[in-house]
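Spelled out from the first residue to the last, the chains are:
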Amino acid sequence: MASASGFPASFYGEPGVLGLLANGISAFLVLLQNFHGARTGIPAEGVENILAGVHLILIGGVCQLVAGLLSFRKYDHLSGTSFVGYAALWGSYGATRIFLGANQQSPNLFNQSAMINSTFQDLYANTSVNQTVIPMYIKESAIAGLVPYILLSFLLAFCSATVNYIMPFVFGAITLTLIFEAVGLVAGWALVVSGILELLILLFAIYGSSALLIKGLAQRYVLKGFGNPLFNVLLLGTTNASSSQSLGQEKKKNTKYAEPMALGFFCDTVSPFIFAFYAFGYFPSIPVAAIWISINSAAQLLSSYYAYLRQDCYHATKFGLHCMFWLVKTWEEYVVSVTISRTEAGEVRHAMVGNWFFLSAALVFFITSLNKDTLELVHNSFFVLVTISTISQIPIDRYYIFFGVTCSLFTLLSFYGTFARLINTIAEKSLIPVGPQPVSTESLQKYLSYLRRSKLDEPEDKGSQLPDALFYLSNGVAALSAIHNGQSGLAFFDLTVPWVLIPGAIIQAYVSRLQVQGGQRFGSVIPSFYVAIWATWSWFRFAGHRLQISTESANGFAAGAIAFLVINAFLIVVATYGNLVLLALTTVMEVIIVCFLLSTFGRLPYQLEVAMLAIFAIICLYGMLASLVNGIFSKTLIPVGPSLIKDKKKKESETTYPCFIAKSRETSGLLKIAKLLENNGVCGIPTDTVYALAASCKNPSAIEKIYSIKDRPAEKPICICISSVEQLVAAKPPFSPLLWEFMRNVYPGGISCIVPKGEWLLKLGVGPAYDRVGTRESIMIRVPDHTATAHLCEFTGPLAITSANPSGEADSTHHDMVINRLGHKIEGVLCDGESNEVVASTVVNCLKIDEGKLIFQRADILS
């Protein structure tokens, strides 16, 4: 809750403190083990390694992950990418320690003479596996995982030098430490050097976190290291004009969050690198490496999530696809490692067809990236090659060689992509070449629109379709992978489990979460229900022989299948209010569930099931293509068909809304909203960017209500909105001529200026809300280029505003989104239809304008 003492500025909150300390403490834990082993000649074993691994996961993994997520919300590209990437590193390394401890015999004491050549590397080289027949290859897997992180850590150290001169030393020390940790797996002396470097990480991290913490408390830089880069990022090159158009397209996305593209490319560097080592036979068994790839894939799913929050349908789906692909391939190879041989897998794979959907999806992305930059197009073309290399019908003697080569090429391109995306987002210019657009956006839209033969009525809510492409993608992979015949053996069933379970259940659960995140509570029902179907399908049809399901249990599955039939029948009715593609999907799923029911009685018609699963996959492919294209271009280019049943009663009526609804074109509506604001109310209003929540500055308690309505952190300030610059002139603030000239040039418009706070705000009409808006020293001012909002401010005086969305969620770009998400908490909404923009206003810090400095803050200061 707000307090009379005011709020500190949100841009002084520093998750970098947590991120740096997590790196420092994690390095310190490894340091203690390395130095203890070197001093006593008794390396850590068993429980000691397990405990160390748990601590690395909790501190270096979880805590640093939190720092990375907060950094993304602060529009900090570098810190967000770095902390999430290092969280994956420490989490993977901690899991390796746990594997190591769990697979060691009782501690073996080493005498002093053996200490020189028998230090920590012996734990890896001579690890036993508790008399199992599954070799873990912990040492080789750890090296394969550390090498890509060494390269990426060096890249992060270089990029961070363009921001400050503390993080380059931290990241540089981490890079050298990883090198000697990798060498230490085969040569014990390197672990001593690694321990010294880990001490440097700790010292640099303590200093850096102290500097950031003091900066947050003092609201200025006290300790040196932050605020000035080692070198200017512009020295890396000049703006590439041929790439500026595609970069500008990215800026049209919701810039409320940092761009996750660098993180997506980062993860696309690690996973294929480890796979290349595996495919070329450096380690023939993947259990430990599977943990590294799985954790890295989870980080890539976060890049998909933040792309979704930025309303970026393309990258949200792309990184979701890549995450799904790496997870499926990882756990397929895990099954090969622990249950069947490669030779047997080569024979069984000939009957598997799920790879073809990945190939089709990769080709779809290749087509939709034709209007992106050349780097994006080439990256997608290389991913097409990767999916081709995993086609199950390739002979086993060529399969792994082809896969290893394509993974190596994809790794190199992803590494360059990480560098280019990171530098270009830091500079907010295209400094690192990414190439021109192969095809203009207008031309691509024209070609794709040929598929639309007639103008059918399409669903109006385009903004809610962001996760639809991933929904169709996950269902399509699961359905095509589930195809088999009555002669399929047990090895086929084992290999098919990850192909159905991961896309159909795990990734689709993520899709369901996105639907809820976007305010579509009911929209999450279908993906949530299909999660249950595919999970049950995997459990009964493919893992049943492993679980030893009895006849009685099969009867239970039959009862569940009947329940599935009833629920899906209801979803068919719901789909009639949606579109034809969704209706066809749910209808075919009804037949598939009937086949599942018959399989519980041992009377499965395989031909019918194969046909239905194939048709289901085709529908999913078309649905994915349509949803992706329509989501990327924010218009219906590829039809999905009209709803069969139209809701005739969907007319605006005061009794059907949770709050008062007014039209922006009606003066009576403006007067009613103004009256609600005068009476201590909070209302949703349109602006020239996105919809905002507004409260009158005459009512401080109404401003405090905004914080509880949005679940907004108390430390994030609220700006004020006025009708015109002339209203500001009348208050006679002591602004310099340069500041006045700047404000007259940018107002009215989608700019928020941070200016010095003073008694002039009382003359402006802020009055009792003086301590409830801005910070102690500054205030942010908006003059929207929106007629209705300007007139409203003339009626009410200055308004305290913030974006109309639950804190941390996507902005509201239509009055329906405000009503659906916050209508039950506010008094009214001024309806103006679709907003002109999908991003909040640009925030410019003008406090040092007379010194020649204008600082562009991120958009989420208003969120």
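Here, every reference points to the structure presented above.
Small disclaimer: the values here were computed from a predicted structure and weren't measured.

Engineer: Whenever I open this one, the overall build of the chain confuses me. Can you help?
Structural biologist: What the chain contains, in helices and strands, is 30 helices and 10 strands. A burial count over the chain gives 61% of its 863 residues as buried. Sequence separation of at least 24 residues holds for 77% of the intrachain contacts in the chain that already meet a minimum separation of 6. When the accessible surface of the chain is totalled, it reaches about 32600 Å², and 63% of it is carbon and sulfur.

Engineer: Would you mind showing me how to read the pairing of strand β8 (residues 828-831) here?
Structural biologist: Side chains of β8 alternate between two faces, with Gly 828 and Leu 830 and Val 829 and Cys 831 buried alike. The pairing of strand β1 (residues 660-663) with β8 spans 4 bridges and is parallel. Directly across from Lys 663, in β8, lies its bridge partner Cys 831. For strand β2 (residues 682-685) and β8, the ladder comprises 2 bridges, and the chain directions are parallel. In the sheet register, Gly 684 faces β8, and the bridge partner there is Val 829.

Engineer: Would you explain the packing of aromatic side chains in this entry?
Structural biologist: Each pair of aromatic rings is reported with the distance of its centres and the angle of its planes. Within this structure, the stated rule accounts for 39 aromatic pairs. Taken together, a centroid distance of 6.1 Å and an interplanar angle of 50° make the contact between Tyr 149 and Trp 292 tilted. Here Tyr 149 is found in helix α5 (residues 138-160), whereas its partner Trp 292 is found in helix α10 (residues 287-309), with 143 residues between them in sequence. Take Tyr 149: its relative accessible area is 1%, and that puts it in the buried class. A cation over a ring is seen here: Arg 342 above Tyr 278, with NZ or CZ 4.7 Å from the ring centre. Note that Arg 342 overlies the ring of Tyr 400, its terminal NZ or CZ placed 3.9 Å from the centroid.

Engineer: Can you walk me through helix α1 (residues 16-40) in this structure?
Structural biologist: Side chains that are three or four residues apart share a direction in an α-helix, a result of its 3.6 residues per turn. The end-to-end C-alpha distance of α1 is 36 Å, a good match for the 36 Å that 25 residues give at a rise of 1.5 Å each. Following α1 by one or two positions, Gly 41 has its phi on the positive side, about 75°.

Engineer: Looking at this structure, I do not really get a nonpolar patch on the surface. What am I missing?
Structural biologist: A grouping of Leu 18, Val 54, Leu 58, Val 62, Val 66 and Leu 70 is seen on the molecular surface, where their side chains present a nonpolar patch of about 450 Å² in accessible area. No other element matches helix α2 (residues 47-73), which puts 5 residues into the nonpolar patch. Tracing the chain through its elements places Leu 18 in helix α1.

Engineer: Help me out: how do you make sense of the side chain of Lys 757 in this one?
Structural biologist: Along the chain, the position of Lys 757 falls in the loop between β5 (751-756) and α28 (760-764). Among the polar contacts made by the side chain of Lys 757, one reaches the main-chain carbonyl oxygen of Val 773 at a distance of 2.8 Å. In terms of polar contacts, Lys 757 uses its side chain to reach the backbone carbonyl oxygen of Thr 775, at 2.9 Å. When neighbours within four sequence positions are excluded, Lys 757 is seen to be in contact with Tyr 770, Asp 771, Val 773, Gly 774, Thr 775, Arg 776, Glu 777, Ser 778 and Ile 779.

Engineer: Help me out: how do you make sense of helix α27 (residues 737-746) in this one?
Structural biologist: Within α27, the full set of buried residues consists of Leu 739, Trp 740, Phe 742, Met 743 and Val 746. All buried residues of α27 project into a common sector of 165° when viewed along the axis, lining one side. Exposed positions of α27 whose direction lies more than 90 degrees from the buried face are Pro 737 and Asn 745. For α27, the secondary structure elements touched by its buried residues are α26 (725-730), β5 and β9 (842-845).

Engineer: I tried to follow the pattern of salt bridges on my own but got confused; where do I start?
Structural biologist: Any two side chains of opposite charge can pair if their charged atoms end up close together. Counted under the stated rule, the structure contains 12 salt bridges. Across the salt bridge formed by Arg 421 and Asp 373, the nearest N and O atoms sit 3.0 Å from each other. Of this pair, Arg 421 sits in helix α15 (residues 396-427) while Asp 373 sits in the loop between α13 (355-368) and α14 (374-389); the two residues are 48 residues apart in sequence, bridging distant segments of the chain. The same class applies to Arg 421 and to Asp 373, which are both buried. In this structure, Lys 705 and Glu 827 form a salt bridge, with 3.6 Å as the shortest nitrogen-oxygen distance. Taken as a pair, Lys 705 in helix α25 (residues 700-710) and Glu 827 in the loop between α30 (815-822) and β8 lie far apart in primary sequence, 122 residues in all.

Engineer: Is there a simple way to explain the packing of α5 against helix α6 (residues 167-184) in this structure?
Structural biologist: The contact between α5 and α6 brings their axes to 8 Å, and the two run at 160°. With respect to α6, the element α5 is oriented roughly antiparallel. In this structure, α5 meets α6 at a crossing whose hand is left-handed. On the side of α5, the interface is formed by Ile 143, Leu 146, Tyr 149, Ile 150, Ser 153, Phe 154, Leu 156, Ala 157 and Ser 160, while α6 contributes Met 167, Pro 168, Phe 171, Gly 172, Ile 174, Thr 175, Leu 178, Ile 179, Glu 181 and Ala 182. The class makeup of the residues in the contact of α5 with α6 is 14 nonpolar, 4 polar and 1 charged.

Analysis parameters
Residues numbered from 1 in each chain as written. Predicted model: local features only at pLDDT ≥ 70, side-chain atom pairs only at ≥ 80, totals over all residues. Heavy atoms only, no water. Helix = DSSP H or I, 4+ residues; strand = E, 2+ residues; numbered from the N terminus. Buried < 20%, exposed > 50% of the residue type's maximum accessible area, 1.4 Å probe, protein only. Contact = heavy atoms within 4.5 Å. Areas by Shrake-Rupley, 256 points an atom, 1.4 Å probe, with all protein chains shown as cover. Pairing = 2+ DSSP bridges. Phe/Tyr/Trp six-rings, centres within 6.5 Å; stacked < 30°, edge-to-face > 60°. Lys NZ or Arg CZ within 6 Å of the ring centre and 35° of its normal. Expected span 1.5 Å × (residues − 1). Patch = residues over 30% accessible without salt bridge, like charges linked within 9 Å, V, L, I, M, F, W, Y side chains within 5 Å. Salt bridge = Lys/Arg side-chain N within 4 Å of Asp/Glu carboxyl O. Polar contact = N/O pair within 3.5 Å; in protein donor to acceptor, adjacent residues only side chain to side chain. Arc of directions from axis to C-beta. Axes fitted to C-alpha atoms, helices over the stretch in contact; angles between N-to-C directions. Parallel < 35°, antiparallel > 145°, perpendicular 65-115°, else oblique. Left-handed = near helix turned anticlockwise from the far one by under 90°. Nonpolar A, V, L, I, M, F, W, Y, C, P; charged D, E, K, R; others polar.

So, to be careful, I would describe these as geometric facts and stop short of saying anything about function.
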